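Observations on the three-dimensional arrangement
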Amino acid sequence: MNFLAPFFLVGALAVIGPVIFHLVRRSTRERTIFSSVMFLPPTRSRLTHRSRLEHWLLLLLRCVALGLLAIGFARPFWRKAPAAGEPASAVRRLVVLVDVSASMRRAGLWDEAKSRAEAILRAAGPGDEAALYLFSRQARPLISFEEWKAAPAGERGALVATRLAASAPGWLDDRLGDALITAAEALADTDAEKKFGGARQIFLVSDLKAGSRLDSLQAYEWPKTIALQVEALPARHPTNAGLQLVAEAADADRLAAPAIRVRVRNAATSTREQFRVGWAGPAGAALGAPIDVYVPPGQSRVVAVPALGNPADMRELVLSGDDEDFDNTVFVVPTQKQHWSVLYFGTEAADDSRRPRFFLERALPDNPHLAVRLVACAPAALIPPAQLQEAKLAFVTDPLGAATAAQLRGAMLAGQTVCFAPTGAAADGTLGALLNLPGLTLVDAQPADYAMFGEIDFQHPLFAPFADPHYSDFTKIHIWKYRRLSAATIPGARVLARFDGGDPAVMEVRVGQGRLLLLLTGWNPDDSQLAVSSKFVPMVSALLEQAGGSTDAPAQFAVGEAIPLDRSGGEEGPATVREPDGTTIGLPAGATGFTGALQPGIYLMTSGTRSTRVAVNVAASESRTEPLAADELERYGAPGPQAPADPAANARRQALLQDSEVESRQKLWRWLLGATLGVLLLESALAGWTTRGRGATVTPRSTPT
Amino acid sequence: MSDLAHRSPLQSAALIDPRALLSVRSLELRARLVVEGFWKGLHRSPYHGFSVEFTEYRQYSPGDDPRYLDWRVYARSDRYFIKKFEDETNLRCHLLVDQSRSMSFGSAGYTKGQYAATLAATLAYFLHLQGDATGLLTFDEAVREYLPARHRAGHLRQLMLALEKPAGGRSTDLTEPVGRLTTLVRKRGLVAYLSDFLAPIERLETSLLALTACGHEVTVFQVLDPAELTLPFDQAAMFEDLESAERVYIDPAAARADYVPKIEAHCAAVRASCQKLGIGYHRISTAQPLELALFEFLQERRRRGPGRPVAGKGRR
């Protein structure tokens, strides 16, 4: 029999206790309460030297109980001879995780990583199972367990060297937490768990920078039997500063001169604090005067770099003054303010606050990226074709002249969007002309109290911004007057909203390439409260976006992120992406985005006639190159980095692990504990019986109160 | 104990076993049981009208309040009689009851203290029925409670409550309560002294003398447990004194020969002191029925006071 915790056997010495108590017991005497001892002559106590113990059976039971308890605590087990099928020596299963994120581009790190990984895999025994994974955003196997097993033991080193030589760090940011989980699952997912017992290890070869993302580890329960050994690669140069593009300030247009804002971040380990940021041309030549930036180690500064005179030159901003240049360039796509126009067919004056124009003009966006101008047109006059073509949208509130209506219909057929919001039933002729349905009649309706929007189609882009239940309450908008029109009279009309009485409120009709949006109540105060509600401006924005494309500022992307295609024009056909190095990649029809941006630079996305330039930069987290705090991995639930142990200690630990496994399978302590309880019960019964037997002889009874 | 019990006419009557009696929880009920059983036995005996002091009517003498004249008796007999009221009495009896820790010893399932309290309650109840005033003084090493002698509604209940209090105190002082009683009670009366007298008795005689000198008629009841007289234990053990908590290792077999004469000598000394002063002494064993003790008490009263009026019938 073997013991897992033999020092508990010392507890068996506690049997001395009962022996002493049994010996001490001899000198104790009965006690009798008596009223007064004044007449009682004291008897000389006779010492009785008895060599034998009283109640030897009780003593024996007590000693046995203590002994069993001590043996139980020592965790006994029977060690079996190893079965024929089991490997004689400990076999390991290990995964080597090598970091290939952008920060590994720093000088010397990749060579060091390769040599460390090779050394680890060379040290693996012939029976060991190993896999080599590279990780940045995701972990992918470079050599899988199957490949490792398939390769002859002598050729494994060469295989590792070849595969590593063919790999290099990319531009992606690293998700260390995800990579560790992938490796742990690769170790845990097979039935190898039983076969390998506790000998499962992950070797992490990484620069372990502070920017590594570990948060996914928080939700993962790290398997207890998987050990993690960290091979942290020291950076050759301590100074590193990174450059990131910062979103434009809301008041950017109020600045004296246009500028691009960038953040300069200096790593905590840096020894220098002075850097320069400036524009660079295609061949790396400096454009304009660079600006000096002072950033103490561990801090960051946001600086505004003045824009160049020619926006076409503004492509790259370069930081200089640090040792590592992988994160020193940001690619910029300067935003250019767009000027759109919308046509308005109405007779009212611009400052008539009872009429629709007054409100529409104020709802049109005017921001650093986009300015929309309202062009008022007389309802009966013809519009110059260029102006009509240039306009993104046309609003009609008053009856149009027949020629103008025909002109607008023609524009609609060619792809124009018209929003028709009649202020009276007299405009039914115009509607008939626009839709080429002469018999249409509009009827003025005036509800007894007021009407409300009832049924709204939140799937449509016009109402999509309000789909969230927080914003979907339209009941606060009271409608005093509206125009009644049966949806059935217009073939192909889609009702987007209805009044609470059931009459259509907003309809969309496809006309050729374009469409007509029919709003059957005005937003002017005489008709409804729509213009003064919080829904009006988002609705106008949605209309513009639907007609002319995104009104937001262009987004910036990190390497590896999905870049959405601008499909606002309604194109569904194939698209192309031109990468920074000039390669063109085709995207299939229906694709909504591009996920293959693996290098920083400016990508040109073309969908139909629309082309967008998108800047893709190295993720900001890659610039945080100071080493990760030592306890950070443990804080997120992974085992802390372990120093490589000596083989003797390893073998001892292995043997201990095996022993504890055998012990936990046999669980002899349970039987011993049960036996202890049985002995204690017997002891109690015996003690009770003995006490009762003696108690019966005590006479007479004394009753102290 | 005197041999009077053997001659007692109560012998034929059904006596209540003290063990059964003391298992009754209420002290008042116990006293009532004893007294009523005693009355029943009495009626079958030739000893009618045992009483301490009893009168219903007294012949009018000049100076008496004419308010109390019984005019109906006058109408029948043409004599003036003064009507006595229930709360008017001539006898004042004080019960001196030891409640020290030594009284909490008992070998028969009840303690000496319980027995003495029942005896005191029985006397009090008997006297109360007679219309006599009863007072109480309990003590251990000091006086614990004092109730002046009264005969009024609720007094008996108060007295019972005081008697029911458990024994306390670490020693017994036999002289202090007597001295206190002499100062508290100026009018002469009857004093019944109930104790085990298991304490030094050097000054007992002096203090009892003070009582008799005050004109009190004193009766001493020495209440002892049978085990205290015979030491029937068979195992050597540590004997612990109830009062002083002193422990002495005693082998009863060896100590008995020495102990029994000593305790008998002590009792004899108490008895001698009493006899010297003309005080009635009764050694009561707790195994003895309470009626006998009551009977002894009344017998003695009868013997001692032949000149006093003894009513021919009791009032219940």
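Predicted, not measured: the structure shown is a model, and the values here were computed from it.

A short note on the overall build of chain B
Counting its secondary structure elements, chain B contains eleven helices and ten strands. Within the span of chain B, comprising 316 residues, buried residues form 43% of the whole. Excluding contacts between residues fewer than 6 apart, the proportion of contacts in chain B whose partners are at least 24 apart in sequence is 79%.

Observations concerning the overall build of chain A
On a plain count of helices and strands, chain A comes out with 15 helices and 32 strands. Out of the 705 residues belonging to chain A, those deemed buried represent 34%.

Details of the sheet that holds strand β12 (residues 286-294) of chain A
All names here are of chain A. Overall, antiparallel pairing links the four strands, which are arranged β12-β11-β14-β15 in an open sheet. Each of the sheet's edge strands pairs with one partner strand only, and the pair in question is β12 and β15 (329-331). Between one strand axis and the next, the sheet turns through 20 degrees on average, direction left out of account.

So, the environment of Met-539 of chain A
Residues and elements named next belong to chain A. On the secondary structure map, Met-539 appears in helix α12 (residues 536-548). Among the residues examined, Met-539 registers 19 C-beta atoms within 10 Å and is labelled partly exposed. On a C-alpha basis, the gap between Met-539 and Leu-462 in space is 6.0 Å, while along the polypeptide they are 77 residues apart.

A look at helix α10 (residues 402-413) of chain A
Along an α-helix, residues three or four apart share an orientation, since each turn contains 3.6 residues. All names here are of chain A. For α10, built from twelve residues, the straight-helix expectation of 16 Å at 1.5 Å per residue is met to within 8% by its first-to-last C-alpha distance of 16 Å. Of the residues making up α10, those classed as buried are Thr-404, Ala-405, Leu-408, Arg-409, Ala-411 and Met-412. For α10, the angular spread of buried residues about the axis comes to 160 degrees, placing them on one side. Residues Ala-402 and Ala-403 are exposed on α10 and point more than 90 degrees away from its buried face. Against the buried residues of α10 lie α9 (385-390), β18 (393-396), β19 (417-420), α11 (428-435), β24 (504-511) and β25 (514-519). Of the residues flanking the end of α10, it is Gly-415, one or two places downstream, whose phi is positive at about 125 degrees.

Things to note about the nonpolar core
Most often, soluble globular proteins have nonpolar side chains that are buried together. Judged by nonpolar contacts, the single largest core of 67 residues is most densely connected at Leu-95, Ala-120, Leu-123, Ala-124, Leu-163, Ala-192 and Leu-194 of chain B. Ranked by the residues each element gives to this core, the list is headed by helix α5 (residues 112-130) of chain B, at eleven residues. In this structure, Leu-194 of chain B is in contact with Leu-95, Leu-96, Val-97, Asp-98, Ala-116, Leu-119, Ala-120, Phe-221 and Val-223 of chain B, ignoring residues within four places of it in sequence. In terms of nonpolar packing, the next biggest core, distinct from the first, is built from 56 residues, Val-396, Phe-463, Leu-517 and Leu-518 of chain A among them.

Some points on the confidence of the model for chain A
Per-residue confidence for chain A gives a mean pLDDT of 84, with 89% of residues at or over 70. Predicted confidence is poor over residues 83-88 of chain A, with pLDDT under 50, and the contacts of this stretch with residues over four places away or in other chains come to two contacts.

Details of the confidence of the model for chain B
Predicted coordinates in areas of low pLDDT are best not read in detail. All names here are of chain B. Chain-level statistics for chain B give a pLDDT mean of 79 and a share of 84% at 70 or above. Segment residues 1-13 is flagged for pLDDT under 50; beyond a separation of four residues in sequence, or across chains, it makes 22 contacts in the model. Here residues 306-316 is a poorly scored stretch, pLDDT under 50, and it has 21 contacts once near neighbours within four places are set aside; other chains count. Two numbers describe this predicted complex: its pTM, 0.47, and its ipTM, 0.75.

A few points about the interface of chain B and chain A
Each partner contributes to the interface: chain B provides 36 residues, whereas chain A provides 23 residues. Every element with two or more residues in the side of chain B that touches chain A is listed here: α9 (226-230), β8 (237-241), β9 (247-250) and α10 (252-277) of chain B. Counting residues per element, the side of chain B that touches chain A draws most heavily on α10 of chain B, which supplies seven residues. For the side of chain B that touches chain A, the class distribution of residues is 19 nonpolar, seven polar and ten charged.

Examining the sheet that holds β8 of chain B
Spatially, β2(A)-β8(B)-β9(B) is the arrangement adopted by the three strands of the open sheet, whose pairing is mixed. Of all strands in the sheet, those with a lone pairing partner are β2 (31-34) of chain A together with β9 of chain B, marking the two edges. Here the average twist between neighbouring strands, direction ignored, is 35 degrees. Where β2 of chain A meets β8 of chain B, four bridges bridge the pair, whose relative direction is parallel. Paired with Ile-33 of chain A across the bridge in β8 of chain B is Glu-240 of chain B.

Things to note about unusual backbone geometry
A positive phi angle is found at Leu-208 of chain A, which is not glycine, with a value near 45 degrees. As for its placement among the helices and strands, Leu-208 of chain A is situated in the loop between β7 (200-206) and β8 (226-232).

A closer look at α5 of chain B
An ideal rise of 1.5 Å per residue puts 27 Å on 19 residues; α5 of chain B measures up with 27 Å between its terminal C-alpha atoms. Where α5 of chain B ends, the next residue or the one after it, Gly-131 of chain B, has phi of about 90 degrees, a positive value.

A word on the environment of Val-330 of chain A
Residues and elements named next belong to chain A. As for its placement among the helices and strands, Val-330 is situated in strand β15. Sequence separation between Val-330 and Glu-316 is 14 residues, and the spatial gap between their C-alpha atoms is 5.6 Å. For Val-330, the contacting residues outside a window of four places in its chain are Leu-243, Gln-244, Leu-245, Val-262, Leu-317 and Asn-617.

Here we look at the pairing of strand β6 (residues 190-195) of chain B
All names here are of chain B. A large share of β6 lies buried, amounting to six of its six residues. With five bridges joining them, strand β3 (residues 92-98) and β6 adopt parallel strand pairing. The partner of Leu-96 across the bridge, within β6, is Tyr-193. Bridge analysis of β6 against strand β7 (residues 217-224) gives six bridges, and the strand direction is parallel. Note on β7: the bridge partner recorded for Ser-195 is Gln-222.

Topic: the pairing of strand β4 (residues 133-139) of chain B
A regular strand places its side chains on the two faces of the sheet in alternate fashion. Residues and elements named next belong to chain B. Summarising burial for β4: seven of the seven residues are buried, a large majority. In β4, alternate side chains face the same way, and those of Ala-133, Gly-135, Leu-137 and Phe-139 on one face and Thr-134, Leu-136 and Thr-138 on the other are all buried. Taken together, the seven bridges between β3 and β4 define a ladder with parallel strand orientation. Along β4, the bridge assignment pairs Arg-92 with Ala-133. The β-α-β motif built from β3, the intervening α5 and the parallel element β4 has right-handed crossover chirality. Judged from the five bridges that link them, β4 and strand β5 (residues 143-150) form a sheet pairing that is antiparallel. Residue pairing in the sheet places Thr-138 in a bridge with Glu-145 of β5. Adjacent in sequence and paired antiparallel, β4 and β5 are bridged by three residues.

Quick notes on the packing of α5 of chain B against helix α6 (residues 155-164) of chain B
All names here are of chain B. The interhelical angle for the contact between α5 and α6, taken along N-to-C directions, is 170 degrees, at an axis separation of 10 Å. On the basis of their axis angle, the class for α5 and α6 is roughly antiparallel. Taking contact as the criterion, the partners of Ala-117, Ala-120, Ala-121, Ala-124, Tyr-125 and His-128 in α5 are, on α6, Leu-156, Leu-159, Met-160, Leu-163 and Glu-164. A breakdown of the residues in the contact of α5 with α6 according to their chemical character gives nine nonpolar, one polar and one charged.

Observations concerning the packing of helix α3 (residues 109-123) of chain A against helix α5 (residues 156-165) of chain A
Helix-helix packing: each pair is described by the crossing angle between the helix axes and the interaxial distance. All names here are of chain A. Interaxial distance between α3 and α5 falls to 10 Å at its minimum, and their mutual angle equals 160 degrees. Relative to α5, α3 is oriented roughly antiparallel. Note on packing geometry: the crossing formed by α3 with α5 is right-handed. Residue-level inspection shows Lys-114, Ala-117, Glu-118, Leu-121 and Arg-122 of α3 in contact with α5, the latter providing Arg-156, Gly-157, Val-160, Ala-161 and Leu-164. Tallied by class, the residues present in the contact of α3 with α5 amount to five nonpolar, one polar and four charged.

Describing the environment of Asn-2 of chain A
Residue and element names in this part refer to chain A. Inspection of the secondary structure puts Asn-2 in strand β1 (residues 2-3). Taking the C-alpha atoms as reference points, Asn-2 and Asp-659, separated by 657 residues in sequence, lie 9.0 Å from one another. With residues near it in sequence (within four places) discarded, Asn-2 still touches Pro-76, Phe-77, Arg-79 and Asp-659.

Criteria and cut-off values
- Residues numbered from 1 in each chain as written.
- Chains lettered and ligands numbered in written order.
- Predicted model: local features only at pLDDT ≥ 70, side-chain atom pairs only at ≥ 80, totals over all residues.
- Helix = DSSP H or I, 4+ residues; strand = E, 2+ residues; numbered from the N terminus.
- Buried ≥ 20, exposed ≤ 12 C-beta atoms within 10 Å, placed from the backbone.
- Contact = placed C-beta atoms within 7 Å.
- Pairing = 2+ DSSP bridges.
- Axes fitted to C-alpha atoms, helices over the stretch in contact; angles between N-to-C directions.
- Expected span 1.5 Å × (residues − 1).
- Arc of directions from axis to C-beta.
- Core = buried A, V, L, I, M, F, W, Y, C linked by C-beta atoms within 7 Å.
- pLDDT = per-residue confidence, 0-100.
- Nonpolar A, V, L, I, M, F, W, Y, C, P; charged D, E, K, R; others polar.
- Right-handed = clockwise from strand over helix to strand, strands pointing away.
- Parallel < 35°, antiparallel > 145°, perpendicular 65-115°, else oblique.
- Left-handed = near helix turned anticlockwise from the far one by under 90°.

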